[in-house]
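# Structural overview for review
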Amino acid sequence: MRLSNFGQDIAHVDLASGRVEMRPAPEDWTRKYIGARGLGVRYVLEAGAEVEPLGPDNLLCFMNGPLTGSEASMSGRWACVTKSPLTGTVTDSHQGGWSGARLRWAGFDGLVFEGHSETPVYAFIEDGRIELRDASDAWGKGIHETVAFYQERYGEKNLAVNAIGQAGERLNRFAVWVNEDDRAFGRGGTGAVGGAKKLKAIVIRAALKKSEVDDRDAWKAVRRDALDVIRDEVNITSPKKGGLSVYGTNVLMNVTNRIGALGTRNSQTTSFGDRAEAISGERVQETILVGDPTCHACPVACKKEVEVTEGPWKGLRMESVEYEPAWSFGSNCENDDVNSIAKLIDQSNDLGMDPIELGNVLSMYMEATERGWLPSGAGGLAWGDTAAMVAMADAIGLREGEGDLLAEGTTLAATKLGHPEIAMAVKGQAVPAYDPRGLKGMGLGYATSNRGACHLRAYVAAAELGVAPGEGEPLDPLEWKGKGELVKIFQDLHAFSDSLDFCKFSAFAEDAGHYAAQYSTAMGVEFTADDVMTAGERIYNLERLYNNRAGFGAGSDTLPARFTEEPSTQPGSEGHVSELSSMLAEYYAARGWEDGVVPASKLRELEIV
């Protein structure tokens with residue numbers, strides 16, 4: 001596996017005819033867009049921004065980065081890129097575990113699926129070969145059963161199984177792909193695109209292959225430098241010592257609650273009070289934690305495997321009670337029962353749904369129920385009713401009863417109820433677990449995200465909560481000034497790391513210099529920290545160009561009025577709203593955009609056209 005050969009082995013699979021053709025990515029594309037996220041977006045742009053997301057002309061791309069599967073720390077991720085059926089924007093989502101590494105070890109840098117199959121199929125990949133095989137006997141199965149089905153057929157050793165569940169098959173607009181480690185391509189409805197194409201699974205059999213580089217001593221040195229900062233006890237990533245390693249992502253529950261940035265009751269308020277402790281990473285660690293599995297080449301082990309020991313779901317063992325779903329099913333739905341949260345996350349993993357969107361659509365429906373806005377005959381959903389939440393999650397995944405409406409996603413469902421204002425979403429995608437009234441930079445990040453509301457496009461909370469590398473005090477989360485330039489920097493840096501493809505949490509320790517050193521040493525090119533930021537800016541503008549062509553023009557970068565017009569009433573952020581318009585002016589000036597539209601001069605400057 002020679003890293004410098006990246007981009008030579010892209011499989012183009014026509015699902016209608018079954019034809020598979022190997023074609024290298026254009027060298028110009030890999031130079032400009034690096035891999036994974038950036039390269040996938042370039043392929044999807046080639047298909048046209050006007051395609052129907054669930055139509056045969058939409059591409060479904062699974063892309064490795066140039067360092068995926070290498071010995072570099074936190075390099076076990078790959079990207080799924082397509083046009084989203086939830087938002088109509090370009091979307092990319094990233095998955096941990098071992099699947100991306102195994103795809104690389106099997107001899108592939110990426111997979112591009114086009115067209116629709118008439119019958120269910122799965123892709124089987126091994127030793128540089130890929131073929132479509134009949135999946136009729138797996139169609140209708142949940143993801144856990146599908147994974148077990150193919151493990152029984154091919155053996156568990158060296159096997160990766162990625163699959164859609166019933167939600168993807170039934171075109172739930174926020175359906176996802178999940179692997180055997182319960183790692184998901186979590187946002188944007190990529191699973192629904194798989195369902196429309198009748199692609200049930202991607203099964204990869206491959207053993208570890210060592211990276212080949214021209215100068216192994218130099219490669220080892222830069223990898224060691226990066227690993228040293230990950231291990232440094234001052235960083236949240238420090239194995240067995242840092243908060244991310246000890247408590248997982250849910251270490252943030254009490255922190256965001258304390259500063260008045262934890263959306264509660266569909267973001268009607270910004271704190272869960274004393275009840276947040278019951279669903280925190282600290283409480284999980286004390287009560288139901290049973291294991292710390294990890295992804296390829298990751299020393300941090302942020303995944304937290306749990307086992308429910310009491311109540312109706314006693315005996316359930318699953319991973320992971322992470323911060324985002326603990327919030328979406330927790331305070332967002334006024335639910336402090338961590339066992340029910342574990343159950344709902346497991347349902348999301350098995351049916352194949354994005355738990356952030358699912359928790360939001362449940363909380364939206366709870367508010368609609370409370371306000372009497374449901375159609376005649378609808379049963380509705382009460383705040384914190386865990387049994388009803390579990391039942392409704394099944395109905396949404398299977399598109400049954402009231403679940404059929406909610407399977408359309410938060411924005412479309414609220415609009416069909418006649419009250420789009422209670423959809424806490426941007427560009428059609430529901431917000432994550434950071435209230436913009438208590439974390440001003442995150443609100444701007446939501447509004448300007450190219451894939452709809454997202455915390456991972458620009459994880460400004462790293463600076464606002466003080467978990468980013470560097471010296472000095474955390475930035476004031478309630479100060480809006482300066483956040484425009486900061487959001488741009490984070491967006492560009494993460495666009496590059498998503499294209500390597502490194503775990504986002506690497507940025508809690510590494511910086512652009514670490515990324516540049518590893519990329520340049522592995523690929524045999526001269527690459528600096530400035531080059532990292534330029535490539536990230538190019539990728540972000542490429543995505544914005546796609547969205548502009550797809551109809552997202554001036555005025556598309558918005559937030560729900562709840563965040564800009566209804567002040568927080570909770571300690572830490574009391575009296576605050578998001579000053580979005582002021583931040584946008586800063587941001588557009590930093591970007592060189594005209595009210596959210598990329599001008600031709602910027603496209604030329606970045607060599608996109």
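Predicted, not measured: the structure shown is a model, and the values here were computed from it. (Residues numbered from 1 in each chain as written. Predicted model: local features only at pLDDT ≥ 70, side-chain atom pairs only at ≥ 80, totals over all residues. Heavy atoms only, no water.)

## Description of the pairing of strand β8 (residues 129–134)
Pairing between strand β7 (residues 121–126) and β8: 6 bridges, direction antiparallel. By the bridge assignment, Phe124 is partnered in β8 with Glu131. Taking the residues between adjacent antiparallel strands as the criterion, β7 and β8 are bridged by 2 residues, where Asp127 takes a positive phi near 50 degrees. (Pairing = 2+ DSSP bridges. Helix = DSSP H or I, 4+ residues; strand = E, 2+ residues; numbered from the N terminus.)

## With respect to the domain arrangement of the protein
Segmentation of the protein into domains returns domain 1 (3–205), domain 2 (248–430) and domain 3 (440–558 + 579–605). Relative to domain 2, the C-alpha centre of domain 1 lies at a distance of 26 Å. Contacts between the two partners involve 38 residues from domain 1 and, on the opposite side, 36 residues from domain 2. Both sides of the domain 1 and domain 2 interface together cover about 2800 Å² of buried area, and 52% of this is carbon and sulfur. Between Arg187 and Glu357 there is a salt bridge, with its nearest N and O atoms 3.6 Å apart. Put simply, domain 1 and domain 2 have 21 residue pairs in polar contact (both at pLDDT 80 or more) between them. (Domains from an automatic or database assignment. Contact = heavy atoms within 4.5 Å. Buried area = accessible area lost by both parts, 1.4 Å probe. Salt bridge = Lys/Arg side-chain N within 4 Å of Asp/Glu carboxyl O. Polar contact = N/O pair within 3.5 Å; in protein donor to acceptor, adjacent residues only side chain to side chain.)

## A look at empty space enclosed by the protein
Any empty space left between atoms is shown by rolling a water-sized probe over those atoms. Considering all chains together, one arrives at 4 cavities of 30 Å³ or more under this definition. Considering only enclosed or pocket space, the second largest cavity measures out at about 40 Å³ in volume. Forming the walls of the second largest cavity are Lys427, Arg544, Asn547, Asn548, Phe552, Gly553, Ser556, Asp557 and Gly596. When the residues that make up the lining of the second largest cavity are grouped by side-chain class, the tally is 1 nonpolar, 5 polar and 3 charged. (1 Å grid on protein atoms, 1.4 Å probe; cavity = no way out; pocket = protein on both sides within 12 Å on 5 of 7 lines; lining within 4 Å. Points joined across faces, edges and corners; volume = space filled by probe spheres on them. Nonpolar A, V, L, I, M, F, W, Y, C, P; charged D, E, K, R; others polar.)

## Examining the pattern of salt bridges
When charged atoms on two side chains of opposite charge get close, those side chains can pair. Evaluation of the coordinates by the stated rule reveals 54 salt bridges. For Asp336, the salt bridge identified is with Arg275, shortest N-O distance 3.1 Å. Placement of Asp336 in the loop between α11 (323–328) and α12 (338–351) and of Arg275 in the loop between α9 (253–258) and α10 (281–287) is noted, with a sequence separation of 61 residues between them. Asp336 gets classed as partly exposed once you look at its relative accessible area, which sits at 32%. (Buried < 20%, exposed > 50% of the residue type's maximum accessible area, 1.4 Å probe, protein only.)

## A look at the nonpolar core
Within the largest apolar cluster, 176 residues are counted, with the highest numbers of intra-cluster contacts made by Tyr43, Phe62, Leu111, Phe113, Val321 and Ile396. With 15 residues, the next largest nonpolar core counts Ala135, Ala138, Val176 and Val203 among its residues. (Core = buried A, V, L, I, M, F, W, Y, C linked by side-chain atoms within 4.5 Å.)

## Some remarks on the pairing of strand β9 (residues 159–163)
Within a regular strand, the side chains alternate between the two sheet faces. The buried fraction of β9 is high, at 5 of 5 residues. By the alternation rule, side chains of β9 split into Leu159, Val161 and Ala163 and Ala160 and Asn162, which are all buried. As paired elements, β9 and strand β12 (residues 199–205) share 5 bridges and run antiparallel to each other. Within β12, the residue paired with Val161 across the bridge is Val203. The pairing of β9 with strand β10 (residues 177–179) spans 2 bridges and is antiparallel. Following the sheet pairing, Ala163 is matched in β10 by Val178.

## Some points on the packing of aromatic side chains
Across all of its chains, the model carries 21 aromatic pairs by this definition. Every member of this aromatic cluster is reached through a ring pair, and the members are Phe62, Trp78, Phe113, Trp177 and Phe185. Lying across the ring of Trp139, Lys200 places its NZ or CZ 6.0 Å from the centre. (Phe/Tyr/Trp six-rings, centres within 6.5 Å; stacked < 30°, edge-to-face > 60°. Lys NZ or Arg CZ within 6 Å of the ring centre and 35° of its normal.)

## Overview of helix α21 (residues 529–549)
Between its first and last C-alpha, α21 extends 31 Å over 21 residues, near the 30 Å set by a 1.5 Å rise per residue. The buried count for α21 comes to 15 of 21 residues, which makes it a mostly enclosed element. (Expected span 1.5 Å × (residues − 1).)

## Quick notes on unusual backbone geometry
Residue Ser320 is reached from Glu319 by a cis peptide bond, and omega for that bond is -5 degrees. For Ser320, the position within the fold is in the loop between β15 (317–319) and α11. Between Leu500 and the following residue, Asp501, the backbone shows a cis peptide bond with an omega angle of 15 degrees. Positionally, Asp501 belongs in the loop between α19 (483–500) and α20 (512–523). With a phi angle near 60 degrees, Leu171 is a residue other than glycine that sits in the positive phi range. Within the fold, Leu171 resides in the loop between α5 (166–169) and β10.

## Brief notes about the side chain of His494
With respect to the element layout, His494 can be found in helix α19. The buried category is assigned to His494, whose relative accessible area is 2%.

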